[in-house]
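Structural characterization, general
Here is what each chain is made of, one letter per residue.
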Amino acid sequence: MSEATENHTITNIGAGIAKAVMNSNPITGFVQTIYDEYASRQWQQRREKWEEVFEEKLKDIQNDVDFLKINSIPNFAQILANATQGAMSDIEEDKVGLYANTVINSIKNENIDNTKTHIFLNILRELSYLHLQVLKEIQSFVPSSSFEMNQFEISDPKSSLLKQINQKFNNNSLIPIIIKNLFEKNLIEVERNIEMEIRGKVRKEEYLPQSLSPLGEEFLQFIAEQEK
């Protein structure tokens, strides 16, 4: 028997032993059950949800779009695959429709920058649904005015927007982190309040959201359901 054949035989024997041990191990059996009966079932349910939502959105635009032009969209297959993977793996089902919107918008605007499309899809995957809600709250913000003490006062947008966001989301402790995340992804404009300690160490850093950045406006448009 050659060395190669011998090694192959040993490998097969080892695999057989390993399988027998796995079948006799209750923990391993439990893990296998999780994958077979729960994970695969939920994966199938998510796939069906994605296909259902995507199909409905395609039906909505079938009279307005020439689907033959899909062939002319650069890397459309990759865009669809990226969106599908995101919709399938994202833990938040509320975002499934947003992934479908990105594909629909790519079909309706075949000239959209290819690199930007994939960057936006990756940003969508990285942001939670709460991130997106805060982003839309910033987009829709209009500084309010009030009449007090016989004087017309314009509310300071530097703090009133943050106050409005905190009120809208019940002072969720994640809001400061979310605003910082949005700023770091260049989706919003902020004013940074920094308190310094001795030797230049930052004691407190606060991000006051001001408005969407141009990139943030593009991103929200990219994931939005366009008017029919």
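Further up the page is the structure itself.
A quick note: this is a predicted structure, and the numbers were derived from the prediction, not measured.

When you go through the chain residue by residue, the secondary structure sums to nine helices and four strands. The helix and strand sequence of the chain, counted from the amino end, reads α-α-α-α-α-α-β-β-α-α-β-β-α. Partitioning the intrachain contacts of the chain with sequence separation of at least 6 by distance along the chain shows that 71% fall at a separation of at least 24. When the accessible surface of the chain is totalled, it reaches about 15000 Å², and 51% of it is carbon and sulfur.

Between helix 3 (residues 76-89) and helix 4 (residues 96-108), the least distance of the axes is 8 Å, while the angle of their chain directions is 170°. The orientation of helix 3 with respect to helix 4, classified from their angle, is roughly antiparallel. Residue-level contacts link Phe-76, Ile-79, Leu-80, Ala-83, Gly-86 and Ala-87 of helix 3 to Val-96, Tyr-99, Thr-102, Val-103, Ser-106 and Ile-107 of helix 4. Of the residues belonging to the contact of helix 3 with helix 4, the class tally is nine nonpolar, three polar and no charged.

With that out of the way, let us pick up the side chain of Asn-105. Mapped onto the fold, Asn-105 is located in helix 4. A distance of 3.0 Å separates a polar atom in the side chain of Asn-105 from the backbone oxygen of Ala-224.

Let's shift gears to unusual backbone geometry. Despite not being glycine, Asn-171 has its phi angle at roughly 55°, a positive value. Position of Asn-171 relative to the elements: it lies in the loop between helix 7 (157-168) and helix 8 (175-184). Of note in this structure, Asn-186 is not a glycine but carries a positive phi near 65°. Residue position: Asn-186 is located in the loop between helix 8 and strand 3 (188-196). By relative accessible area, which is 45% here, Asn-186 ends up partly exposed.

How each quantity is defined
Residues numbered from 1 in each chain as written. Predicted model: local features only at pLDDT ≥ 70, side-chain atom pairs only at ≥ 80, totals over all residues. Heavy atoms only, no water. Helix = DSSP H or I, 4+ residues; strand = E, 2+ residues; numbered from the N terminus. Contact = heavy atoms within 4.5 Å. Areas by Shrake-Rupley, 256 points an atom, 1.4 Å probe, with all protein chains shown as cover. Axes fitted to C-alpha atoms, helices over the stretch in contact; angles between N-to-C directions. Parallel < 35°, antiparallel > 145°, perpendicular 65-115°, else oblique. Nonpolar A, V, L, I, M, F, W, Y, C, P; charged D, E, K, R; others polar. Polar contact = N/O pair within 3.5 Å; in protein donor to acceptor, adjacent residues only side chain to side chain. Buried < 20%, exposed > 50% of the residue type's maximum accessible area, 1.4 Å probe, protein only.

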